[in-house]
Every structure is written in C-alpha cells, then in structure tokens.
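Here's the letter readout for the chains.
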Amino acid sequence: MISKTAEPKSTTSLAEDTYRQLLADVVSTRLPGGTIVQERRLAARLGVSRSPLRDALGRLEGQGLLVRDREGVLTVRVVTLQDYLNSLDVRVLLEPAAAALACGAIGRQVLAEIGAQLAGLDADPDPDPELVWSFDDLLHNTIAAASGNPFIARAVAEMRRYTTMFERQMRVRRIKPGVAEHRAILEALDRVAPEAASAAMARHLALVREGVLQNY
C-alpha cells in the first residue's frame, strides 16, 4: 500500500506514486497478463481514490501495458512470444550501441558496486529471484542512461518491460542467468573498451534469446 504521511500529497505526486506501483505490479507479473482491471479493488488495495488511479491506468494503457478487449474491458496485456522476440530485436539494435557509448561514462565506483552485486548473486547457490531481477534492471538501465542518449534510454526501458513480463511469466525458472555474460560486459566497461562492451552485450542478448526459445 502507498504510504500515507502527515502532510497530504499533491494530486500529481499521488498519481505518479500510483502509476509507479501499478507499473511495478504489471512488469513483475504480480498482475499477470489477462488480469481484468477492477478499479474499485485496485483503489482499495493501493489506498488511493479513483482519480489518481484512473490517471495511472490511462498512462499504462497509453504505453500498451493495459489493453481493452472487444467489450471495452481493460486488462493487463498478455505478452506473446512474438511480442517478446520483436522487443528483443529492438534491444539487440540499441543496447550494444548503448554499451559502447557508456564506456568511460560510468564511474569506477558504480561499476564496482554493480560488480559486487553480481559476485554476491554468483556466490549464492539459490539467490532470491527478486534480487536477480533487481540486478538485471540496475545493469541494463545504468548502461542505457550512461549512453547519453535519452531516446535510447527510453526505448530500452520500454522494450525491457515487455521482455521482462514475458520472461517472468515463463514456468521455467532461471536461477542465475547471464552471470558470465554480465561479468564480460562490466569488464569491458571498466577497461573503457567500446567494441568489447558492444560485443559482450550483443552476445548476452543472443544467449538470452536462445535460452528463452529453448525453454518456451
């Protein structure tokens, strides 16, 4: 539930908080694809009025994460395999370039902190899946933002929502995906080697695609 403070939040702030919570619920599949959006129930669960909720729902519908069926009922989008592959194709076009552009733009301390998180996951025989997803978000979003191109960062974030939704709805659980590939990306960034960073990212995404298709 969205926390309540002594001072009431502005309508804009409350709508933004509501949007972020619902976005997280959709991407994490806590609200699975095909779920019918019941405004009253959602409003009660989040502790908000219908106004900020409808604002948040409108944003999510505009982003294609919520869709309407033939009767006009609002539901969470079901991400199909074709949606997934199309989104991943866009990531393959953008993220290797982003990794090359990010070389030298991410501080050594930040890279060390990300590397420490990866080492922690690697050392844990059965890491919390949420920590794995959190690390994945951190690495890819940090690189996209450090590319210096806000259009690349925005597109990567959007495409990652679709690929994450699809992967999280799969029955096969990948315990520690991509440790070696992620490490190669971080090492190339640390060496400020644009070509190596681009190649490492491209290899990582190719292996992600291969792994999903094998387990689908």
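Calculation notes
Residues numbered from 1 in each chain as written. Predicted model: local features only at pLDDT ≥ 70, side-chain atom pairs only at ≥ 80, totals over all residues. Heavy atoms only, no water. Axes fitted to C-alpha atoms, helices over the stretch in contact; angles between N-to-C directions. Helix = DSSP H or I, 4+ residues; strand = E, 2+ residues; numbered from the N terminus. Parallel < 35°, antiparallel > 145°, perpendicular 65-115°, else oblique. Left-handed = near helix turned anticlockwise from the far one by under 90°. Contact = heavy atoms within 4.5 Å. Nonpolar A, V, L, I, M, F, W, Y, C, P; charged D, E, K, R; others polar. Core = buried A, V, L, I, M, F, W, Y, C linked by side-chain atoms within 4.5 Å. Buried < 20%, exposed > 50% of the residue type's maximum accessible area, 1.4 Å probe, protein only. Phe/Tyr/Trp six-rings, centres within 6.5 Å; stacked < 30°, edge-to-face > 60°. Lys NZ or Arg CZ within 6 Å of the ring centre and 35° of its normal. Salt bridge = Lys/Arg side-chain N within 4 Å of Asp/Glu carboxyl O. pLDDT = per-residue confidence, 0-100.

1. So, the packing of helix H5 (residues 108-123) against helix H8 (residues 179-190)
At step 1: Interhelical geometry of H5 versus H8 gives an angle of 165° and a closest axis separation of 10 Å. It follows that H5 is roughly antiparallel to H8 by the angle criterion. Crossing handedness for the pair H5 and H8: left-handed. Taken together, the residues of H8 that come into contact with H5 (itself represented by Arg108, Leu111, Ile114, Gly115, Leu118 and Asp122) are Val179, His182, Arg183, Leu186, Leu189 and Asp190.
At step 2: In the contact of H5 with H8, the residues fall into six nonpolar, two polar and four charged.

2. Some remarks on the nonpolar core
At step 1: Core analysis: the largest hydrophobic core is formed by 56 residues, its most contacted members being Leu22, Leu53, Leu57, Ile143 and Leu189.
At step 2: Other than its neighbours up to four places away in sequence, Ile143 contacts Ala98, Ala99, Ala102, Ile106, Ile185, Leu189 and Met201.

3. Notes on the packing of aromatic side chains
At step 1: A full pass over the atoms with the stated rule returns two aromatic pairs.
At step 2: Within the aromatic cluster, the residues linked to one another by ring pairs are Tyr84, Phe166 and Tyr216.
At step 3: Seen from the ring of Tyr19, Arg59 lies directly overhead, with NZ or CZ sitting 3.6 Å from the centre.

4. Considering the pattern of salt bridges
When the charged atoms of two side chains with opposite charge come close together, those side chains can pair.
At step 1: Applying the stated rule across the entire model yields 15 salt bridges.
At step 2: A salt bridge links Arg91 to Glu95, with the shortest nitrogen-to-oxygen separation between them at 2.5 Å. Of the two residues, Arg91 and Glu95 are both situated in helix H4 (residues 81-102); the distance of four residues between them amounts to about one turn of the helix. Comparing Arg91 with Glu95, the two get one shared label, buried.
At step 3: Measuring nitrogen to oxygen at the nearest pair gives 3.3 Å for the salt bridge that ties Asp136 to Arg160. Here the residue Asp136 occupies a position in helix H6 (residues 129-146), and Arg160 occupies one in helix H7 (residues 150-169), the gap between them amounting to 24 residues.
At step 4: Of the residues examined, Asp136 reaches a relative accessible area of 14% and is grouped as buried.
At step 5: Since its relative accessible area comes to 3%, Arg160 is described here as buried.
At step 6: Salt bridges linked by common partners bring Glu16, Arg20 and Arg59 together as one network.

5. Let's talk about the confidence of the model for the protein
At step 1: In this model, the protein carries a mean pLDDT of 92, and residues with pLDDT of at least 70 account for 93%.
At step 2: The element-level mean pLDDT for the protein is lowest in helix H1 (residues 11-27), coming to 90, with H4 highest at 98.

6. Observations regarding unusual backbone geometry
At step 1: If you check the backbone angles, Thr29 has positive phi at about 65° while not being a glycine.
At step 2: Counting through the fold element by element, Thr29 comes out in the loop between H1 and helix H2 (39-46).
At step 3: Despite not being glycine, Val192 shows a phi value in the positive range, around 55°.
At step 4: Note that Val192 resides in the loop between H8 and helix H9 (194-215).
At step 5: Looking at Val192, the relative accessible area reads 43%, which means it is partly exposed.

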